[in-house]
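Each chain, written out:
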Amino acid sequence: MKLCRNRSVKPNILVVGDLILDHYIWGNCERISPEAPVQVIDVKKESLKLGGACNVASNLVSLDSNVWICGMAGSDSAGSTLKAELERLGINTDGIFYHTNRPTTQKSRIIAGHQQVVRVDREDKTLISREGEEFICNFTESLILDSNIACIVLSDYEKGVLSVELTQRLITLARSKKIKILVDPKGKNYTKYKGATLLTPNKKEATEATGIVISDTKNLNEALVCLQNLCGLEISLITLSEDGIAFMEKRENQGIATQQQSSKRRKNAKKEIPQAQKIPTIAREVFDVTGAGDTVIASLAYMLALDKPIAQSVYFANAAAAVVVSKLGSATASKQEILAYLKRNNLLDSTLVNAEFLKVFDVQKENFGFNSQISKILKRKMLNPYEDKWIKESEFGLFLESLEQLKQEGFKVIFTNGCFDILHLGHLDYLHKARKLGDLLIVGLNSDASIKRLKGNERPVNCESDRIIQLCALECVDFVVVFETDTPKQLIAKIRPDVLVKGADYVEKEVIGANFSKEVRLIDFVEGKSTTSLIQKIKNLKESKCKQ
């Protein structure tokens, strides 16, 4: 069954907070300065990205939301650049208050060889003026009346915008209009955020705010209850880095505890502490955590604005964060990338993934249109029988349909080919390197007849069925397709891989099928390891034995 597209409604979301421009200076380091024991960076390029509340807004745009942003910027070139970049993304900037006597917050990161060397901040953390506070409050109130705002996000980086007074005024306004208001908090005084729908502190921040060191499940539960009582939250939540996200929903009879009530509860040993729910992290590769917190709160805001349950919202946010941390710098995750990540890592089997959850991605599904072979390979909970990886001629048409769908959802398909007659270290090294270039490795295998035409009647040493089984037994190989022709040109034309891989001996040679691939990559061979040399070695041993 094919995927069917649904019409989705874009939620209207307002982001209020500290507007930051992230500046990246990229270069190489090959020497130490003679002036001081510091690295000398040879600058190759510079780039600008949105940070802080701007990155939250950018993430919401990637998730297909209508976004307005409120905050403070300087009347300077950085402020103009920030405004232009926000508007380029389709974010409404009418809520930005421009201050003539302070700079736009800018963080400059110097990166050498993908390693951040130093960060330089240009900022003024003075609290927002009364004029600025009134501007933001008036804008927010007008927007709520005119634009059907479903959710408000407060992104606090302690750069001066979200003062205690402004924060409380915005929370009071949101609650009076029954609008969800989410906060990414900073600092130790969390009473500033009292009345919010939820906060997104990490473990360290939650420990500082509650005084409870989170070291086990018991401490975690206590910290969540403390946050809920301290701030009157509908949902108490703590992000736990590699351990995922824990949360606790407010009970019907659980309100904000007074000091006397809290004392009685502590004395009552039989009082049951509500149990937290925890959604484990699903990141497979972490390259850079910059902006991951912005992605989490944006994802939660998006899902809650669509009235999705908190458990599904957290699951979605975990997946979005997993996509983002695999990228460098402040990044965003699209719904297409999130869905592809969930599929690629066999995460659609969760009980949280129901029809309502999948509507977020504008799809309906029964089996996502994958044939049984692709489904088994993607799941990989245990070793697959070799038949699951071998694509027979009768199955090739269905395989191509499923493969095309995977490409559309972001899977990077790698193709290589060869005889693979006597499997050796050179082959294993080559195939492992090829697999690392993408998400799926398809190996085109010369048939017995093809090898005889190319290498003579004495080859292959191992018959076709044996070679298929050997290749399918390798974890790095996802699929094997046998071709009868002398070259794989026709096969490559049908598969149309993202990357076509060949050996380094093809330098300055024509690579057959290159015009059907987006990219050609050449991989170095392990010196002295080849089928020909292995056969010759066996022959030499046989001759030596005969002479003896």
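Computed from a predicted model, the values in this text were never measured in an experiment. (Residues numbered from 1 in each chain as written. Predicted model: local features only at pLDDT ≥ 70, side-chain atom pairs only at ≥ 80, totals over all residues. Heavy atoms only, no water.)

Engineer: Looking at this structure, I do not really get the overall build of the chain. What am I missing?
Structural biologist: Within the chain, the secondary structure is distributed over 18 helices and 20 strands. The 548 residues of the chain split such that 51% are buried. Nonlocal contacts in the chain, meaning residues at least 24 apart in sequence, comprise 70% of its contacts between residues at least 6 apart. Accessible surface for the chain amounts to roughly 27,100 Å². Of this, 49% is attributable to carbon and sulfur atoms. (Helix = DSSP H or I, 4+ residues; strand = E, 2+ residues; numbered from the N terminus. Buried < 20%, exposed > 50% of the residue type's maximum accessible area, 1.4 Å probe, protein only. Contact = heavy atoms within 4.5 Å. Areas by Shrake-Rupley, 256 points an atom, 1.4 Å probe, with all protein chains shown as cover.)

Engineer: What's the story with the sheet that holds strand β7 (residues 105-112) in this structure? I'm lost.
Structural biologist: The strands that make up a sheet pair up through hydrogen bonds in the backbone, lying either parallel or antiparallel. If you walk across this open sheet you meet the 4 strands as β4-β3-β7-β8, and the pairing is mixed. Taken across any chain shown, the strands that pair with only one partner, and hence form the sheet edges, are β4 (39-52) and β8 (115-122). Taken over all neighbouring pairs, the strand axes of this sheet differ in orientation by 20° on average, direction set aside. As judged from the 13 bridges shared by strand β3 (residues 19-32) and β4, these two strands associate in the antiparallel manner. (Pairing = 2+ DSSP bridges. Axes fitted to C-alpha atoms, helices over the stretch in contact; angles between N-to-C directions.)

Engineer: Teacher, can you tell me more about the environment of Asp-42 here?
Structural biologist: One can find Asp-42 in strand β4. Sequence-wise, Asp-42 and Asn-28 are 14 residues apart; in three dimensions their C-alpha atoms are separated by 5.2 Å. Aside from chain neighbours lying at most four places away, what touches Asp-42 is Trp-26, Gly-27 and Asn-28. Engagement of the side chain of Asp-42 in a polar contact is seen with the side chain of Lys-44, the distance being 3.1 Å. (Polar contact = N/O pair within 3.5 Å; in protein donor to acceptor, adjacent residues only side chain to side chain.)

Engineer: Looking at this structure, how should I read the packing of aromatic side chains?
Structural biologist: We describe a pair of aromatic rings using the distance from one ring centre to the other and the angle between the two ring planes. Applying the stated criterion across every chain, the model contains 10 aromatic pairs. When the centroid spacing of 5.0 Å and the interplanar angle of 65° are considered together, the rings of Phe-399 and Phe-479 count as edge-to-face. Taken together, the residues Phe-399 in helix α13 (residues 396-408) and Phe-479 in strand β18 (residues 479-483) connect sequence positions 80 residues apart. When sorted by exposure, Phe-399 lands in the same class as Phe-479, which is buried. Taken together, the aromatic side chains of Tyr-302, Tyr-315, Phe-316, Phe-357 and Phe-361 make up a single cluster linked through ring pairs. The ring of Trp-26 has Lys-45 sitting right over it, with the charged end atom 5.3 Å from the ring centre. Over the face of the ring belonging to Tyr-24 we find Lys-49, whose NZ or CZ atom lies 6.0 Å from the ring centre. (Phe/Tyr/Trp six-rings, centres within 6.5 Å; stacked < 30°, edge-to-face > 60°. Lys NZ or Arg CZ within 6 Å of the ring centre and 35° of its normal.)

Engineer: I'm lost on the state of the cysteines in this one. Help?
Structural biologist: Should the sulfur atoms of two cysteines be covalently bonded, the bond is a disulfide. A complete count under the given rule lists 0 disulfides for this structure. With no disulfide partner, Cys-231 has as its closest neighbouring cysteine sulfur the one in Cys-226, 8.4 Å distant. Given the relative accessible area of 0%, Cys-231 is considered buried. (Disulfide = S-S within 2.5 Å.)

Engineer: What should I look at first to understand helix α1 (residues 53-62) in this one?
Structural biologist: Because each turn of an α-helix spans 3.6 residues, side chains separated by three or four positions end up pointing in the same direction. Among the 10 residues of α1, 8 are classified as buried, and the element is accordingly described as predominantly covered. When we look at burial in α1, the residues that qualify are Ala-53, Cys-54, Asn-55, Val-56, Ala-57, Ser-58, Asn-59 and Leu-60. With its phi angle positive at about 70°, Asp-64 sits one or two positions after the end of α1.

Engineer: Would you explain the environment of Gly-397 in this entry?
Structural biologist: Relative to the elements of secondary structure, Gly-397 occurs in helix α13. Note: C-alpha distance between Gly-397 and Lys-494 (97 residues apart in sequence) is 9.7 Å.

Engineer: Where do I start with the confidence of the model for the chain in this structure?
Structural biologist: Interpretation of this model should avoid reading the predicted coordinates in detail wherever pLDDT is low. Across the chain, the average pLDDT comes to 86, with 86% of residues at 70 or higher. Confidence over residues 1-7 falls short of pLDDT 50; this stretch has 22 contacts with residues more than four positions distant or in other chains. (pLDDT = per-residue confidence, 0-100.)

Engineer: Sorry, what's going on with a nonpolar patch on the surface here?
Structural biologist: Together, Val-117, Val-118 and Val-120 give the surface a local cluster of nonpolar side chains, amounting to about 200 Å² of exposed area. Along the chain, Val-117 turns up in strand β8. (Patch = residues over 30% accessible without salt bridge, like charges linked within 9 Å, V, L, I, M, F, W, Y side chains within 5 Å. Salt bridge = Lys/Arg side-chain N within 4 Å of Asp/Glu carboxyl O.)

Engineer: Would you mind going over the nonpolar core with me for this structure?
Structural biologist: Grouped burial of nonpolar side chains is what soluble globular proteins tend to show. Formed by 63 residues in total, the largest nonpolar core has its most connected members in Ile-69 and Ile-338. Sorting elements by how many residues they give to this core places helix α9 (residues 310-324) first, with 12 residues. Those residues in contact with Ile-69 that sit more than four places away from it in its chain are Leu-14, Val-15, Leu-19, Ala-53, Cys-54, Ala-57, Leu-86, Ile-91, Asn-92, Thr-93, Gly-95 and Ile-96. In terms of nonpolar packing, the next biggest core, distinct from the first, is built from 44 residues, Leu-173, Ile-181, Leu-220 and Leu-224 among them. (Core = buried A, V, L, I, M, F, W, Y, C linked by side-chain atoms within 4.5 Å.)

Engineer: What is the right way to read the sheet that holds strand β16 (residues 413-418) from this model?
Structural biologist: Read across the open sheet, the 5 strands follow the order β18-β17-β16-β19-β20; overall the sheet is parallel. Both edges of this open sheet fall to β18 and β20 (519-523), since each of them pairs with a single strand only. The average undirected angle you get between the axes of adjacent strands in this sheet is 25°. In terms of strand pairing, β16 meets strand β17 (residues 440-446) through 6 bridges, oriented parallel. Within β17, the position partnered with Asn-417 by the bridge is Gly-444. Taken strand by strand, helix α14 (residues 425-435) contacts β16, β17, β19 (499-503) and β20, and its axis lies near 140° from that of β17.

Engineer: When you look at the pairing of strand β12 (residues 235-239) in this model, what are you seeing that I'm missing?
Structural biologist: It is a general feature of regular strands that their side chains alternate between the two faces of the sheet. The element β12 is largely enclosed, with a buried count of 5 among its 5 residues. Of the two faces of β12, the one holding Ile-235, Leu-237 and Thr-239 and the one holding Ser-236 and Ile-238 are both buried throughout. Relative to strand β13 (residues 245-249), β12 runs antiparallel, the two sharing 5 bridges. Opposite Ile-238, over in β13, you have Ala-246 as the bridge partner. Taking the residues between adjacent antiparallel strands as the criterion, β12 and β13 are bridged by 5 residues, where Ser-241 takes a positive phi near 55°.

Engineer: Would you take a moment to explain the pattern of salt bridges for this structure?
Structural biologist: Should the charged atoms of two oppositely charged side chains come close, the side chains can pair. Counting across every chain of the model gives 27 salt bridges. Of the charged contacts, one joins Asp-307 and Lys-180 as a salt bridge, the two residues approaching to 3.1 Å between their closest N and O atoms. Of this pair, Asp-307 sits in the loop between α8 (292-305) and α9 while Lys-180 sits in strand β10 (residues 180-184), and the two are 127 residues apart along the sequence. Taking relative accessible area as the criterion, Asp-307 reaches 61% and is therefore assigned exposed. For Lys-180, a relative accessible area of 25% corresponds to the partly exposed category. With a shortest N-O distance of 4.0 Å, Glu-404 and Lys-407 are connected by a salt bridge.

Engineer: So what exactly am I meant to see when it comes to helix α5 (residues 203-210) here?
Structural biologist: Along α5, the positions that sit buried rather than exposed are Glu-205, Ala-206, Ala-209 and Thr-210. Seen from one end, α5 has its buried residues packed into an arc of 115°, which puts them on one side. Those residues of α5 that are buried lie in contact with α6 (217-231) and β12. Looking one or two residues past α5, Gly-211 carries a phi angle of roughly 75°, positive in sign. (Arc of directions from axis to C-beta.)

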